[in-house]
Amino acid sequence: MKSKIFLVIISLCVFSSGLSAKKSKPSPKSVPNGMASQAKAEEEYKKSIVQVKISYQEPDYFNPWKKKNPKVRRGVGIVVPGEKILLPAHLLTYSTLIEVKKYSSYAETKAIVARQDFESDLALLKIEEENFFKDLTPFEFQKEIDYPRQVSIYQLDNSGSIQSASGSLISMDLDQYSQGMVELPVLDVNSTETLNGNGEVLLEKGKVSGILFDFSGDKNSGRAIPSFLISKFLGDFGKTEIPFKGFRYRPIIDKATKDFYSLKTKDQGILVAEILPESSADGILKIGDVILEFGGKKIDSKGYFQHPKYGKQVLSYIAHLGDEFGYQIGKQVPVKIIRSGKEEEVQLTLKSFPYSSIRIPHRNLGSKSEYYFDGGFLFVELSEGYLLEWGKDWRSKVDRKLLYTFDYHKFSSGDKKEGKFVLLSQVIPDESNQGYHEISGRLVDQVNGKPVMSVQDISNEVKSSKSRYITILLDDGTDIVLDKESLISANQRIQKEYRIPKSSMGSR
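Just so you know, the residues in each chain are numbered from 1, in the order the chain's sequence is written. This being a predicted model, a pLDDT of at least 70 is required before a residue's local features are given, and a value of 80 or more before pairs of side-chain atoms are given or counted; all residues contribute to the totals for chains, interfaces and linings. Derived side-chain values reflect all non-hydrogen atoms in the structure, with water molecules and hydrogen atoms excluded from consideration.

- As recorded by an unreviewed UniProt entry, the protein chain carries the name Serine protease and is attributed to Leptospira neocaledonica.

Here we look at the overall build of the protein chain
Moving on, step 1. Each helix is a run of H or I in the DSSP string that is no shorter than four residues. Each strand is a run of E no shorter than two, and both are numbered from the N terminus. When helices and strands are counted, the protein chain shows 10 helices and 27 strands.
Moving on, step 2. The C-alpha radius of gyration of the protein chain comes to 30 Å, more than 25% above the 23 Å expected for a compact globule of 508 residues.
Moving on, step 3. Here the C-alpha coordinates of the protein chain stretch approximately 115 × 70 × 50 Å along the principal axes.
Moving on, step 4. Taking all 508 residues of the protein chain together, 48% fall into the buried category.
Moving on, step 5. Every residue pair with non-hydrogen atoms within 4.5 Å of one another is taken to be in contact. Across the protein chain, the fraction of contacts at a sequence separation of at least 24, relative to all contacts at a separation of at least 6, is 60%. Computation of the radius of gyration draws on C-alpha atoms alone. For the globule rule, the value is 2.2 Å times the number of residues to the power 0.38. Relative accessible area decides the class of each residue, using a 1.4 Å probe on protein chains only: under 20% of the type maximum gives buried, over 50% gives exposed, and in between gives partly exposed.

Examining unusual backbone geometry
Moving on, step 1. P148 follows Y147 through a cis peptide bond whose omega is -5 degrees.
Moving on, step 2. Structurally, the position occupied by P148 is in the loop between β6 (122-127) and β7 (149-156).
Moving on, step 3. Backbone geometry at D121 places phi at a positive 55 degrees, although glycine is not the residue there.
Moving on, step 4. Looking at where D121 falls in the secondary structure, it is placed in the loop between β5 (109-117) and β6.
Moving on, step 5. A positive phi angle, near 55 degrees, is found at S340, a position not held by glycine.

A short note on the pattern of salt bridges
Moving on, step 1. In the sections that follow, a salt bridge refers to a side-chain nitrogen of Lys or Arg positioned within 4 Å of a carboxyl oxygen of Asp or Glu. Following the criterion strictly, the structure yields 34 salt bridges and no others.
Moving on, step 2. The partner of E140 in a salt bridge is K207, with the nearest N and O atoms 3.9 Å apart. Linking E140 in the loop between β6 and β7 with K207 in strand β11 (residues 207-216), this pair joins segments that are 67 residues apart in sequence.
Moving on, step 3. Note on E140: relative accessible area 51%, which makes it exposed.
Moving on, step 4. When the shortest N-O distance is used, the salt bridge between K450 and E461 registers 3.2 Å. One end of the pair, K450, is in strand β25 (residues 450-451); the other, E461, is in helix α9 (residues 455-464), with 11 residues separating them in the sequence.
Moving on, step 5. Overlapping salt bridges, with partners in common, bring together D399, K401, R442, D475 and D476 in one network.

What about the sheet that holds strand β3 (residues 84-88)?
To summarise the sheet geometry, strands pair through backbone hydrogen bonds and adopt either a parallel or an antiparallel arrangement.
Moving on, step 1. As summarised here, the arrangement of the six strands in space is β1-β2-β3-β6-β5-β4, forming a closed barrel in which the pairing is antiparallel. The mean inter-strand angle of the sheet, taken between neighbouring strand axes irrespective of direction, is 40 degrees.
Moving on, step 2. Two strands make a pair as long as DSSP finds a minimum of two bridges between them. Two strands pair when backbone bridges link them, and strand β4 (residues 95-101) and β5 are joined in this way by three bridges, in the antiparallel orientation. The residue bridging I98 from the neighbouring strand is A111, located in β5. Every axis corresponds to a line fitted to the C-alpha atoms, with the helix fit spanning only the stretch in contact, and the corresponding angles, defined between N-to-C directions, vary from 0 to 180 degrees.

Some words on the domain arrangement of the protein chain
Moving on, step 1. Considered domain by domain, the protein chain is made up of domain 1 (44-127), domain 2 (149-234), domain 3 (243-344) and domain 4 (358-504).
Moving on, step 2. Listed as interface residues are 31 residues of domain 1 and, on the opposing side, 30 residues of domain 2.
Moving on, step 3. Roughly 2500 Å² is buried in total at the junction of domain 1 and domain 2, and carbon and sulfur atoms are behind 66% of that figure.
Moving on, step 4. Counted as a polar contact is a pair of N or O atoms within 3.5 Å, where, for protein atoms, one must be capable of donating a hydrogen and the other of accepting one, and residues adjacent in sequence contribute only when both atoms are in side chains. The tally of links between domain 1 and domain 2 comes to nine residue pairs in polar contact (both at pLDDT 80 or more).
Moving on, step 5. Examining the composition of the side of domain 1 that touches domain 2, we find that five residues originate from one element, strand β2 (residues 71-80), more than from any other.
Moving on, step 6. Residues are grouped as follows: nonpolar covers Ala, Val, Leu, Ile, Met, Phe, Trp, Tyr, Cys and Pro; charged covers Asp, Glu, Lys and Arg; every other residue, Gly included, is treated as polar. Taken together, the residues of the side of domain 1 that touches domain 2 break down into 17 nonpolar, six polar and eight charged. What marks off one domain from the next here is an automatic or database domain assignment. We define buried area as the total accessible area lost by two parts upon association, computed with a 1.4 Å probe and summed across both.

Some words on the environment of V52
Moving on, step 1. One can find V52 in strand β1 (residues 49-56).
Moving on, step 2. Residues V52 and S166 lie 114 residues apart in sequence; the distance between their C-alpha atoms is 22 Å.
Moving on, step 3. Every residue in contact with V52, bar those within four places of it in the chain, is listed here: R73, R74, G75, V76, G77, L87, I98, E99, V100 and L125.

A few points about the nonpolar core
Across soluble globular proteins, you tend to see nonpolar side chains buried next to one another.
Moving on, step 1. Residues L86, F247, L285, I291 and F294 are the most contacted members of the largest nonpolar core, which totals 91 residues.
Moving on, step 2. Setting aside residues no more than four positions away along its own chain, F247 makes contact with V272, E274, I275, A281, L285, I291, F294, L315 and L348.
Moving on, step 3. Here, nonpolar core means buried Ala, Val, Leu, Ile, Met, Phe, Trp, Tyr and Cys residues that are tied together by side-chain atoms lying within 4.5 Å of each other. L378, Y386, W394 and V398 belong to the second largest nonpolar core, which has 22 residues in total.

Quick word on the pairing of strand β22 (residues 377-381)
Moving on, step 1. Counting buried positions along β22 yields five of five residues, so the element is predominantly enclosed.
Moving on, step 2. Taking every second residue as pointing to the same face, both faces of β22 are buried, with F377, F379 and E381 on one and L378 and V380 on the other.
Moving on, step 3. As paired elements, strand β21 (residues 371-374) and β22 share four bridges and run antiparallel to each other. Looking at the pairing, D374 lines up with F377 of β22.
Moving on, step 4. Between the antiparallel neighbours β21 and β22 lie two residues, among them G375 with a positive phi of about 60 degrees.
Moving on, step 5. Across five bridges, the pairing between β22 and strand β23 (residues 422-427) is antiparallel. Following the sheet pairing, F377 is matched in β23 by V427.

Pasting the structure below:
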């Protein structure tokens, strides 16, 4: 009896294992054709995507003679024509070493920056290793964007396998990229899956719709650079340089304002509120002009025009990415305005953003601010990088006057006598500077009675003044007196006590 029961159990086990085997090894015919073709396509996609590892060191604005500890960030790059790798430019900020890894190798290959553009947040890498691109294939780009629309989102994992997620293109708006000054098209993307926003590629029918540069898991949403902006960066439309309209405006929506500026009942328009010196609008438009048409397009009371494909878009679209309308750097844009109650048309020649008009460096352009450190007194140029040293909630922590200065005086008004804003960042305590130890973060107005427009002004005055004493006036009325004869000995003590390099002190 026992032997019969044993044989039954054995038979059941064999039957059961046979079923398991059938489930684990399905016939190729059981795989839907769509899935098979998708898998085949993804095998091809991985030949166009690479991993990028960026080592970087941020500047230390509180101790500008040194850098902070090295860190690493990772991103996704895509292969483009010309044996280059494309990725969001902000990933390269303060980079010290760039390495790339492709699907067919575990080795990381050194890359160098071939070109980068802060406005479009795009950069190209090149690889000097011979045959690196031999088994890689460039992606193609969508010429136009359709939304709302489902897209597939891809990146490459450490093993060289393709990783996919699904998402939706929701809308398109104009905004400044993380390091840019010019408003450009940005795609809004939704996805319920885990994404990083570090360059993942958005694909539709095998062509790139955009690359993801920002993503919030809390909101399940992110932003992407659209394919046609990438195409401009790659030179597909001719000139790659981004123009800037050169003015800022405000809406005209109430009747009193419309009447004051002589707008007819049927007319809509916007009011020119600010013009940046040396920009496209400088000398062409005037504050108080009302813009009715821009580039032949009627402008509504909030600054929008009707784009033939993308619906309502801000007029900046025409000036900043108007290749499809024939507007690039150097081209003239007709602008119909009301000036002093009369309609007229002016021609605005498109120029790039006038970076020379920046008084306070901001949006992390990668430039390090100058400093002057002598006798324990550290003077620096006011910059966004300096304010960010207060951390994530810096706006609620920094001095109100610094915050106001940053918000309202980032750009020059055109007065050539304007310079940078200089502040006394801190005083490193020494017996020679007793009485000043508590002072920090104050704007500097004058040195020896002369206006200060750069840290170099203070350095030059200390060096050239025949007086033994240098007086420095701060914005709160505090007078600081430096004794030139004590600076050398003070620097020697500070160098020894605080281990600050001698090369960072005094005139450099």
